[in-house]
Every structure is written in structure tokens, then in C-alpha cells.
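# Observations on chain architecture
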Amino acid sequence: QVQLVESGGGLMQAGESLRLSCAASGRRFTTNTKGWYRQAPGKERELVALITYGGTTNYADSVKGRFTISKDNAKNMVYLQMNSLKPEDTAVYYCMVVSSPGNYWGKGTLVTVSS
């Protein structure tokens, strides 16, 4: 059974840094595109960052220059380094792995940023 488990969320002050981790189990995801999404209260889930098998990354404009996605294929892990956090970064952050016929999702970790 495939599982994605996020960790690292918490209550932060604006300007601080935080690293989220996503541990995948049940299957190796070496060649799959992986990503982070977030959903703020009252808003739709949105893409934060993606990383491909070859290491190409893509970021939402709102986090470019502040967030960095990375992966460790050997550990089956995905990370999101978040710097210069802002109150508008407050959301539940979800790990996602692209697969077929459907993507895999974690249950999310809450990040709250106070001003």
C-alpha cells in the first residue's frame, strides 16, 4: 500500500524558515514527478512546486525565490525548504507524486505563519 506522509509543519513567525518532508512508502518513486501543493482556508488547492525525474523544478510565482523543492531518491523523500515565510503562506501543505492512473497524495501538514 502506497503512503505519502508529510511532516515538518508548525506555527512560524513571518520571515522564518521551515522545511517540510514527505516520506513515500510502499513503492519506489525514482522516476516520478513529485510536487507540493497547498490549500489555504477557504481557497482551492494550488500548486507550490514540482520537481521532475531529471531535476527540473517549477514554482508558483508567489513562492519563487523563497521556496526550494528537492528530492532524495535513495530515501524516497521529497522536501520543501521554505524561507522568508509570509502570513499568506499559511495553508495545509500536501505532497503529491504523479502516477497513473491516478496521482498519490499525502494527508497534509499544516503551516501557520503569523505576522
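Up top you'll find the structure we're talking about.
Heads up: these notes are all about the structure in this document.

Rules behind the numbers
- Residues numbered from 1 in each chain as written.
- Predicted model: local features only at pLDDT ≥ 70, side-chain atom pairs only at ≥ 80, totals over all residues.
- Heavy atoms only, no water.
- Pairing = 2+ DSSP bridges.
- Helix = DSSP H or I, 4+ residues; strand = E, 2+ residues; numbered from the N terminus.
- Axes fitted to C-alpha atoms, helices over the stretch in contact; angles between N-to-C directions.
- Disulfide = S-S within 2.5 Å.
- Buried < 20%, exposed > 50% of the residue type's maximum accessible area, 1.4 Å probe, protein only.

This part is about the sheet that holds strand β8 (residues 77–82). Here we have four strands laid out as an open sheet, ordered β1-β3-β8-β7, and antiparallel in their pairing. In this open sheet, the two edge strands, each paired with only one partner strand, are β1 (3–7) and β7 (67–72). Direction aside, neighbouring strands of the sheet carry axes that sit 15° apart on average. In this sheet, strand β3 (residues 18–25) lies alongside β1 in antiparallel orientation, the contact comprising five bridges. When the bridges of β3 are listed, E6 appears paired with C22.

Counted by the stated rule, this structure contains one disulfide. Each sulfur in the disulfide pair C22 and C95 lies 2.1 Å from the other. Its S-S torsion of approximately -80° makes the covalent link between C22 and C95 left-handed. Placement of the pair is C22 in strand β3 and C95 in strand β9 (residues 91–97), with a sequence separation of 73 residues. This pair shows no difference in class: C22 is buried, exactly as C95 is.

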